[in-house]
Amino acid sequence: MDITHYMSLRYTIELYPLDDEDGGGWIAEIPDLKGCCADGETPEEAIKNLDEAKRIWLETAIRRGISIPLPTPKKIGEF
């Protein structure tokens, strides 16, 4: 499968505020794609930056022949 397919999949995103000691702002990550994360001044910026990090993560995995996990199915009641 190509990167377009994987970019269209709905991976769960986790979003956390960063402590002031860590520079403040927010960090967004995709737990299913180990190490795929990005930060930003606002939650929206962190998520926008995560989209580019996801693309780079996927391109690297495809180039190296690394298996790309599919999104973990959501449990009943999760959004």
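Note that the structure is predicted; figures quoted are calculated from it, not measured. (Residues numbered from 1 in each chain as written. Predicted model: local features only at pLDDT ≥ 70, side-chain atom pairs only at ≥ 80, totals over all residues. Heavy atoms only, no water.)

A. Region of interest: the nonpolar core. Ranked by internal contacts, the top residues of the largest apolar core, which has 17 residues, are Y11, L33, C36, L50, W57, L58 and I68. Of all the elements in the fold, those that place two or more residues in this core are α1 (3-8) and α2 (43-64). The biggest single contributor to this core is α2, with 6 residues. (Core = buried A, V, L, I, M, F, W, Y, C linked by side-chain atoms within 4.5 Å. Buried < 20%, exposed > 50% of the residue type's maximum accessible area, 1.4 Å probe, protein only. Helix = DSSP H or I, 4+ residues; strand = E, 2+ residues; numbered from the N terminus.)

B. How the structure looks around a negative patch on the surface. On the surface, D19, D20, E21 and D22 cluster together to form a negatively charged patch. Tracing the backbone shows D22 in the loop between β1 (14-17) and β2 (26-29). A relative accessible area of 55% places D22 in the exposed class. (Patch = residues over 30% accessible without salt bridge, like charges linked within 9 Å, V, L, I, M, F, W, Y side chains within 5 Å. Areas by Shrake-Rupley, 256 points an atom, 1.4 Å probe, with all protein chains shown as cover. Salt bridge = Lys/Arg side-chain N within 4 Å of Asp/Glu carboxyl O. Lys, Arg positive; Asp, Glu negative; His and termini not counted. Charge placed at Lys NZ, Arg CZ, Asp CG, Glu CD.)

C. Structural view of the sheet that holds strand β3 (residues 37-40). Strand order across the open sheet formed by 3 strands is β1-β2-β3, with antiparallel pairing between neighbours. Of all strands in the sheet, those with a lone pairing partner are β1 and β3, marking the two edges. Going from strand to strand, the sheet's axes swing by 20 degrees on average, the running direction of each strand aside. In the sheet, β2 pairs with β3 via 4 bridges, with the strands oriented antiparallel. Bridge pairing in β3 places W26 opposite G40. Its contacts with the sheet place α2 against β1, β2 and β3, and it is angled at close to 145 degrees to β3. (Pairing = 2+ DSSP bridges. Axes fitted to C-alpha atoms, helices over the stretch in contact; angles between N-to-C directions. Contact = heavy atoms within 4.5 Å.)

D. View of the side chain of K54. Inspection of the secondary structure assignment puts K54 in helix α2. Despite its burial, K54 pairs with no opposite charge, the nearest such side chain being D51 at 5.2 Å. Separated by 3.2 Å, the side chain of K54 and the backbone oxygen of L9 make a polar contact. Residue contacts for K54: discarding those within four places in its chain leaves Y6, M7, L9, Y11, I30, L33 and C36. (Polar contact = N/O pair within 3.5 Å; in protein donor to acceptor, adjacent residues only side chain to side chain.)

E. Broad picture of the pairing of β2. With 4 bridges joining them, β1 and β2 adopt antiparallel strand pairing. Following the sheet pairing, Y16 is matched in β2 by I27.

F. α2, seen in detail. For α2, with 22 residues, the first-to-last C-alpha span of 31 Å sits near the 32 Å given by 1.5 Å per residue. For α2, the complete set of buried residues consists of A46, L50, A53, K54, W57, L58 and A61. End-on view of α2: buried residues confined to an arc of 145 degrees, all on one side of the axis. Opposite the buried face of α2, at more than 90 degrees from it, the exposed residues are E44, K48 and R63. Just past α2, the residue G65 takes up positive phi, approximately 75 degrees. (Expected span 1.5 Å × (residues − 1). Arc of directions from axis to C-beta.)

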